[in-house]
Structures are given as structure tokens and as C-alpha cells.
Amino acid sequence: MFTVCFLFVEHKVIIVGLDNAGKTTILYQFLMNEVVHTSPTIGSNVEEIVVKNTHFLMWDIGGQESLRSSWNTYYSNTEFIILVVDSIDRERLAITKEELYRMLAHEDLRKAGVLIFANKQDMKGCMTAAEISKYLTLSSIKDHPWHIQSCCALTGEGLCQGLEWMTSRIGVR
Ligand SMILES: Nc1nc2c(ncn2[C@@H]2O[C@H](COP(=O)(O)OP(=O)(O)OP(=O)(O)O)[C@@H](O)[C@H]2O)c(=O)[nH]1
Ligand SMILES: [Mg+2]
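Small disclaimer: the values here were computed from a predicted structure and weren't measured. (Residues numbered from 1 in each chain as written. Chains lettered and ligands numbered in written order. Predicted model: local features only at pLDDT ≥ 70, side-chain atom pairs only at ≥ 80, totals over all residues. Heavy atoms only, no water.)

> Is there a simple way to explain the packing of aromatic side chains in this structure?
What describes a pair of aromatic rings is the distance from one ring centre to the other and the angle between the planes of the rings. One pass over the structure, following the stated rule, counts four aromatic pairs. Measuring from ring centre to ring centre gives 6.3 Å for Phe56 and Phe80, while their planes differ by 75 degrees; the resulting arrangement is edge-to-face. Within this pair, whereas Phe56 is found in strand E3 (residues 54-61), its partner Phe80 is found in strand E4 (residues 80-86), the two being separated by 24 residues in sequence. Judged by its relative accessible area of 0%, Phe56 is buried. For the pair Phe80 and Trp165, a centre-to-centre distance of 6.2 Å together with 75 degrees between the ring planes defines the contact as edge-to-face. Of this pair, Phe80 sits in strand E4 while Trp165 sits in helix H5 (residues 159-169), placing them 85 residues apart in sequence. (Phe/Tyr/Trp six-rings, centres within 6.5 Å; stacked < 30°, edge-to-face > 60°. Helix = DSSP H or I, 4+ residues; strand = E, 2+ residues; numbered from the N terminus. Buried < 20%, exposed > 50% of the residue type's maximum accessible area, 1.4 Å probe, protein only.)

Given below as C-alpha cells:
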């Protein structure tokens, strides 16, 4: 008799964005295909998500203002940043933009790909992914691969497409 060891690489992902954007809701949709009841995250949640034999270790980090200064303690070895945007929250998109460019300038995230989820697409009057992309000037980002995906964490719509983009980027450098 012998034991077979299955070795796999785990890809580190951080899920960031302002408070109330839907980060924790997205993490548990990935894990369980369900909407869980959430309360504001203090600190982080971490779960392993497996997509077609690709293992992601996903860190969902609290987005309240007082917590944002500690996001950088999660950055080392990150392969993907998932930035979750509340598409109805027009007033705070400028803050998201600041946080995005601060992350992109960080040494520890120099090799990270960025997936932007334009979440809460079920809300009437929300911004489209195209509007968010324009406001965040995503087309100016040349030093990181990026992709924007509209989604609704409550129904799960769009989430798989986002994960597919991430898996398609693995091994591409
Ligand atoms: N209408 C709608 N509500 C959503 C959607 N996604 C999340 N929510 C709601 O938004 C609220 C905040 O969701 P969370 O997942 O807790 O937000 P978070 O980004 O983790 O917030 P912090 O932990 O404070 O950083 C909850 O009431 C969710 O049910 C969505 O796609 N549509
Ligand atoms: Mg949360």
C-alpha cells in the first residue's frame, strides 16, 4: 500500500472595498452558493475556494474607514485583488478610487491582478460597470492585469465570470 499525496498551489486573494460593498456576501456565495446574513467585518474572514482544481485562499477584509489602514498587513504574496464596489454608492466612488491607486502603488502588490466587481446591479439607478470603469480610469492601468465584472451578490449573477477571469490569468505573466 502507498499513499498518494496531492500537491496543489494555493493562490492568495484579498477581497477589499469600502464597508457595505458586499465583500463578505460575495465570499460566502463563492463558498456555499447562498446568501448569508452578514454584519460589518472587523478584521477578516478567510476561506478556501476551489474552482476547477484551482485553489484560492481568499481573505475578506473589513472595509470600514478605521480598518483600511491595516489592509496592507494582508498584502504579501497576494496574486489577486478583488475590489468590490457598491454600484449605487456614487458619493464614495472617489474614496474607492483613492484606495485602488494606493494599492496599485504598493510594492507587495506589484504582481497582483485586479478583479473589480461592480456589485449590487439589482439596485435601481445603479452605475453600470462601464461608468465605474470610466470613473476609476481603469484603462490607464498598464502595470497590472485588470478586469471589471458587473454582479449581484444576492443572486450570484456575474460572480462565476469573475472567477473565470482569475483562473484564466493563472500562469500568464
Ligand atoms: N441589493 C443588494 N444588496 C447586497 C448585495 N450584495 C450585498 N448586499 C447587502 O449589502 C450589505 C453589506 O454586505 P456585506 O457583505 O456585509 O458588506 P462588506 O463589504 O463585507 O462590509 P464590511 O464587512 O463592513 O467591509 C448586506 O446587507 C448585504 O446583504 C447585492 O448585490 N445587492
Ligand atoms: Mg464584511
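Text resumes after the structure shown.
> I tried to follow the coordination of the magnesium ion (ligand 2) on my own but got confused; where do I start?
Perfect tetrahedral coordination of a metal by four donors corresponds to 109.5 degrees between them, and perfect octahedral coordination by six donors corresponds to 90 or 180 degrees. Ligation of the magnesium ion (ligand 2) by protein atoms is provided by Thr24 (OG1) and Thr41 (OG1), these donors lying 2.0 Å from the ion. Highlighted residues: Thr24 in helix H1 (residues 23-32) and Thr41 in the loop between H1 and strand E2 (44-51), separated in sequence by 17 residues. One exposure class covers both Thr24 and Thr41, and it is buried. (Donors = N, O, S within 2.8 Å, 3.2 Å for Na, K, Ca; no water.)

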